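Topology and contacts: notes
Listed below, chain by chain, are the residues.
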Amino acid sequence: MRTLRVGMSGSDVMELQALLQKLGYDVGAVDGVFGPRTENAVIAFQRRFGLTPDGIVGPNTYRVLEPFLRGYDLYVIRPGDTFGSIAQRYGVRPETIAIANPDQDPNRLMIGQRIVVPYEMNLVDTNINYTYEVLARDIDGLKARYPFLETGSIGNSVLGRNLFYIRLGTGPNEVSYNAAHHALEWITSPLLMKFTEEYLRAYTSGQMLPGGYDPRVLWNQSSIYIVPMVNPDGVDLVLNGLSPSNPYYTDLIQWNKGSTDFSRDWEANNRGVDLNHNYDAAWDLSKAAEAEYGVTGPGPTRYSGPYPVSEPETQAMVAFTNRHNFRLVMAYHSQGEVIYWNFMNMAPPEGRTIGEQLSQISGYRLDETTGIASFAGYKDWFIQQTRRPGYTIEVGRGVNPLPISQFDEIYRDNIGMLIFAATV
Ligand SMILES: [Zn+2]
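Residues numbered from 1 in each chain as written. Predicted model: local features only at pLDDT ≥ 70, side-chain atom pairs only at ≥ 80, totals over all residues.

Some remarks on the overall build of the chain
Selection criterion: A run of DSSP states H or I qualifies as a helix once it reaches four residues; a run of E qualifies as a strand once it reaches two. Both are numbered from the N-terminal end. When we talk radius of gyration, it's over C-alpha atoms, and the globule rule is simply 2.2 Å times the number of residues to the 0.38. Partly exposed residues are those whose C-beta has more than 12 but fewer than 20 other C-beta atoms within 10 Å; with 20 or more the residue is buried, with 12 or fewer it is exposed, and the C-beta atoms are placed from the backbone.
Counting secondary structure elements, the chain contains 15 helices and 10 strands. What you see for the chain is a C-alpha radius of gyration of 22 Å, in line with the 22 Å of a compact globule of 424 residues. Across its three principal axes, the chain shows a C-alpha extent of roughly 70 × 50 × 35 Å. Relative to its 424 residues, the chain shows a buried fraction of 48%.

Comments concerning the nonpolar core
Using the following cut-off: Take the buried Ala, Val, Leu, Ile, Met, Phe, Trp, Tyr and Cys residues, join any whose C-beta atoms are within 7 Å, and the set you get is a nonpolar core. Where each domain starts and ends follows an automatic or database-derived domain assignment. A pair of residues counts as a contact when their C-beta atoms, built from backbone coordinates, are separated by no more than 7 Å.
Counting 103 residues, the largest nonpolar core has Ile-226, Val-238 and Tyr-332 as the members making the most contacts within it. Counting residues per element, this core draws most heavily on helix α7 (residues 188-205), at 8 residues. Viewed by domain, this core spans two of them, domain 1 (11-69) and domain 3 (132-233 + 310-420), each represented by three or more residues. The residues touching Tyr-332, leaving out its near neighbours within four places in the chain, are Tyr-177, Asn-178, Ala-179, Thr-188, Leu-191, Leu-192, Ile-393 and Val-395. By size, the runner-up hydrophobic cluster in this structure holds 11 residues, among which are Ile-115, Val-116, Val-117 and Tyr-119.

Brief notes about the sheet that holds strand β9 (residues 365-367)
Put simply, the rule reads: In this description, strands pair whenever DSSP reports at least two bridges between them. Convention adopted: a line fitted to C-alpha atoms gives each axis, helices being fitted over their contacting stretch, and angles between N-to-C directions are expressed from 0 to 180 degrees.
Taking strand neighbours across the sheet as the criterion, the 8 strands line up as β3-β4-β6-β5-β7-β10-β8-β9 in an open arrangement whose pairing is mixed. Only two strands of the sheet have a single partner each, and these edge strands are β3 (150-156) and β9. Strand-to-strand, the axes of this sheet are offset by a mean angle of 20°, without reference to chain direction. Two strands pair when backbone bridges link them, and strand β4 (residues 162-168) and strand β6 (residues 222-227) are joined in this way by 3 bridges, in the antiparallel orientation. Across the sheet, the residue bridging to Arg-167 is Tyr-225, located in β6.

Thoughts on the pairing of β4
Among the 7 residues that make up β4, 5 are buried, leaving the element largely enclosed by the rest of the structure. Sheet topology places β3 next to β4; 5 bridges connect them, and they run antiparallel. Bridge pairing links Asn-156 to Asn-162 in β4. Hairpin connection, β3 to β4: the antiparallel pair is bridged by 5 residues, and Gly-160 has positive phi, about 90°.

Focus on helix α2 (residues 36-48)
Turn by turn, an α-helix covers 3.6 residues, leaving residues three or four places apart pointing in a common direction. Keep this limit in mind: Here a helix's expected span is defined as the number of its residues, less one, multiplied by 1.5 Å. As used here, the arc is the angular range of directions from the helix axis to the C-beta atoms.
With 13 residues, α2 extends 18 Å from end C-alpha to end C-alpha; this agrees with the ideal 18 Å at 1.5 Å per step. Of the residues making up α2, those classed as buried are Thr-38, Ala-41, Val-42, Phe-45 and Gln-46. Buried positions in α2, seen along its axis, are confined to an arc of 140° and lie on one side of it. Counted as exposed and oriented over 90 degrees from the buried face of α2: Pro-36 and Arg-47. Where α2 is buried, its residues meet α1 (11-22) and α3 (59-70). Phi for Gly-50, located one or two positions after α2, is positive at around 70°.

Section: the packing of helix α6 (residues 132-145) against α7
Condition: What sets the label is the angle itself: under 35 degrees gives roughly parallel, over 145 gives roughly antiparallel, 65 to 115 gives roughly perpendicular, and the rest give oblique. Ten residues, namely Ala, Val, Leu, Ile, Met, Phe, Trp, Tyr, Cys and Pro, are considered nonpolar, four, namely Asp, Glu, Lys and Arg, are considered charged, and the remaining ones, Gly among them, are considered polar.
Direction vectors running N to C along α6 and α7 enclose 10°, while the axes themselves pass 12 Å from each other. Looking at the two axes, α6 sits roughly parallel to α7. Taking contact as the criterion, the partners of Leu-135, Asp-138 and Leu-142 in α6 are, on α7, Ser-189, Met-193, Thr-196, Glu-197 and Leu-200. Residues that form the contact of α6 with α7 fall into these classes: 4 nonpolar, 2 polar and 2 charged.

What to know about the domain arrangement of the chain
Taken as a whole, the chain is organised into domain 1 (11-69), domain 2 (72-118) and domain 3 (132-233 + 310-420). For domain 2 and domain 3, the distance between their C-alpha centres works out to 35 Å. Taken residue by residue, the interface counts 6 residues in domain 2 and 6 residues in domain 3. Counting residues per element, the ones that place at least two in the side of domain 2 that touches domain 3 are α5 (94-100) and β2 (114-118). In terms of residue class, the side of domain 2 that touches domain 3 is built from 6 nonpolar, no polar and no charged.

Let's talk about the packing of α7 against helix α15 (residues 407-420)
The condition that has to hold: The hand of a helix crossing depends on one turn: near helix anticlockwise from the far one by less than a right angle means left-handed, and clockwise means right-handed.
The geometry of α7 relative to α15 is characterised by a closest axis approach of 10 Å and an angle of 60° between their N-to-C directions. Classified by the angle between their axes, α7 and α15 sit oblique to one another. As for how α7 packs across α15, the hand of that crossing is right-handed. Counted together, Pro-190, Leu-191, Lys-194 and Phe-195 of α7 and Phe-407, Ile-410, Tyr-411, Asn-414, Ile-415 and Leu-418 of α15 form the full contact between these two elements. When the residues that make up the contact of α7 with α15 are grouped by side-chain class, the tally is 8 nonpolar, 1 polar and 1 charged.

Some points on the environment of Arg-201
Mapped onto the secondary structure, Arg-201 falls in helix α7. Classification of Arg-201 by C-beta neighbours within 10 Å gives partly exposed; the count is 16. Here the alpha-carbon distance between Arg-201 and Arg-145, two residues 56 residues apart in the chain, equals 9.8 Å.

This is the structure we're talking about:
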């Protein structure tokens, strides 16, 4: 992490502001701009923890911030400790500690052993730039809180980033939801991560899910496989800009029509391939349609790639999907508040009826795609291969990238679908 101080701006500043706000400090707006209010909040934090109150977030301040950032502390058990006394010291509930440390016998704590103490605050922030680093930290934090959680990587991006997956539930009915095939549409990543956190909380507490579903019944009935960020390199370009150390630095600027600003138009992966036009489902038609959109090669959007499934990200998604027996998939995009359900009339009849139910639950319109958007997408390929229900869900309204301020409304619209789709 770079040193942060007044005058700086960026995704990391935004993350810092969101954290300080969660901890009760007044940072003003969480806007990614390190102004005097953020500086005052840092100074107050530093005073509280006995650090030099200089308002600069350097290595020493980071060291103290880090446990809060990842959402848990590591604590070494001392003589006389109980879960209750440790919980009191941290201001958390003893159950929270018990869930995070299933191997510890609460009546016989082992002195000198290290345990995880999760903070009670929400881990997944839904008011910041949701970068790959934030995603990786959230997955680590969820895993620390809920050690039974299965997580992993289904492959790597062009630049070697993990394509993370999370499995929610242990049941035989497998479904899969993915987000951020398209870089500008990264708001879909925190959508699936917020759902993940809420479901885990409901499952461990026993509180009903929205719609009256019992989380423990659903957990045993279905396995929801979440791939929260299919295109991490693209999301990084949009949110953090082009790094001079990127091996495609010169190419990317050329593919972006000479511009170093990737924040407004970049949907593709790091090789300028639009991942949702790269699947082997009428790929030739997708390729043929490029000309009418003025696409001649790698670029921000709509380039289908040199051949079908040419990219490591789509290869990983295909292999992952083939390894499972998904009954249904939902691919998350923005925007339009619409659900696409068909592909060249290959969807099964229940694809429409389930789609109608999803539409009713969310208020989103059920529709079929037209033009270039009709080919070579993930849901197209899934429907073609399995003849099972597959959906592209376009969340929110406006111009991409949607502002994160739309998050709460998007979450309200989609939470019902995310649960229901695992029950059909
Ligand atoms: Zn999209």
